[in-house]
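Close look at the chain arrangement
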Amino acid sequence: MFPVETISAKMLDYYVGRSDAIIIDLRDRGEYEESHVRGAVNLPYGEFDENEDFPRLKTLVFYCDRGGASMKAAKELARRGYETRSVIGGFQAYRGRNLVISR
């Protein structure tokens, strides 16, 4: 078993702007463009490739709409040796200060 740390949506603010973490938004492009967490990279889950390479020294923080897809992605990359986090409740639970709304 490969550990995946789950974090609350509130904890996303802790990772915003950190040089040792990458926040990855797994929602589709339209949802991301409408609103997202500041600094998050959009990688829709449907396009997510479990073999994709990410920087090994970074913590990968995944969120999706409600938390299911982010847990799957985080587990798969943890299995490959990455340090990962999955946001409980996903973007629907986020009420932090780093919300970007485009429309």
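Structure: see above.
Residues numbered from 1 in each chain as written. Predicted model: local features only at pLDDT ≥ 70, side-chain atom pairs only at ≥ 80, totals over all residues. Heavy atoms only, no water.

**Some words on the pairing of strand S5 (residues 59–63)**
Under the convention used in this document: The cut-offs for exposure are 20% and 50% of the maximum accessible area for each residue type, with area from a 1.4 Å probe on protein chains only; residues under the lower value are buried, those over the upper are exposed, and the others partly exposed. By the criteria applied, helices consist of DSSP H or I runs no shorter than four residues and strands consist of E runs no shorter than two, each listed in order from the N terminus. At least two DSSP bridges between two strands are needed for those strands to be called paired. Look down the strands so they point away from you; if the path from the first strand over the helix to the second goes clockwise, the crossover is right-handed.
Within S5, five of the five residues are buried, leaving the element largely enclosed by the surrounding structure. As judged from the five bridges shared by strand S2 (residues 21–25) and S5, these two strands associate in the parallel manner. By the bridge assignment for S5, Ile23 is matched with Val61. Handedness of the β-α-β unit built from S5, helix H3 (residues 68–79) and strand S6 (residues 83–87) comes out right-handed.

**Remarks on the packing of aromatic side chains**
Heads up, the condition is: Working definition: a ring pair exists when centres of Phe, Tyr or Trp rings (six-membered ring for Trp) sit within 6.5 Å. Plane angles under 30 degrees give stacked, over 60 give edge-to-face, the rest tilted. Lysine NZ or arginine CZ positioned within 6 Å of the ring centre and within 35 degrees of the ring normal marks a charge as sitting over the ring.
Enumeration over the complete set of coordinates arrives at six aromatic pairs. Judged by centre distance (6.1 Å) and plane angle (10°), the ring pair of Tyr45 and Phe48 falls under stacked. Assessed through its relative accessible area of 14%, Phe48 is described here as buried. Considering the side-chain rings of Phe91 and Tyr94, the 6.4 Å spacing of their centres and the 25° angle between planes classify their relative orientation as stacked. Residue Phe91 shares its accessibility class with Tyr94, and that shared class is buried. Through successive ring pairs, a cluster of aromatic residues spans Tyr45, Phe48 and Phe62. The ring centre of Phe91 lies 3.9 Å from the NZ or CZ of Arg27, which sits over that ring. We note Arg56 situated over the ring of Tyr82; from NZ or CZ to the ring centre the distance is 3.9 Å.

**Considering H3**
Selection rule: Given the number of residues in a helix, its expected span is that number minus one, multiplied by 1.5 Å. The contact definition used throughout considers only heavy atoms, calling two residues in contact when any of these lie within 4.5 Å.
In this model, H3 (12 residues) spans 17 Å end to end at C-alpha, consistent with the 16 Å of a helix rising 1.5 Å per residue. Of the positions making up H3, those classed as buried are Ala69, Ser70, Ala73, Ala74, Glu76, Leu77 and Ala78. Looking at the buried positions of H3, the neighbouring elements they touch are S5 and S6. Positioned one or two residues after H3, Gly81 has a phi angle of 100°, which is positive.

**Considerations on the nonpolar core**
The condition is simple: Only buried Ala, Val, Leu, Ile, Met, Phe, Trp, Tyr and Cys residues count toward a nonpolar core, and they belong to the same one when joined by side-chain atoms within 4.5 Å.
Core analysis: the largest hydrophobic core is formed by 16 residues, its most contacted members being Ile24, Leu26, Phe48, Phe54, Leu60, Phe62 and Leu77. Of all the elements in the fold, those that place two or more residues in this core are S2, S5 and H3. For this core, the element with the most residues is H3, which contributes five residues. The next biggest cluster of nonpolar side chains, apart from the first, holds 15 residues, and it includes Ile23, Tyr32, Val37 and Val87.

The values reported here are purely geometric and, on their own, carry no functional implication.
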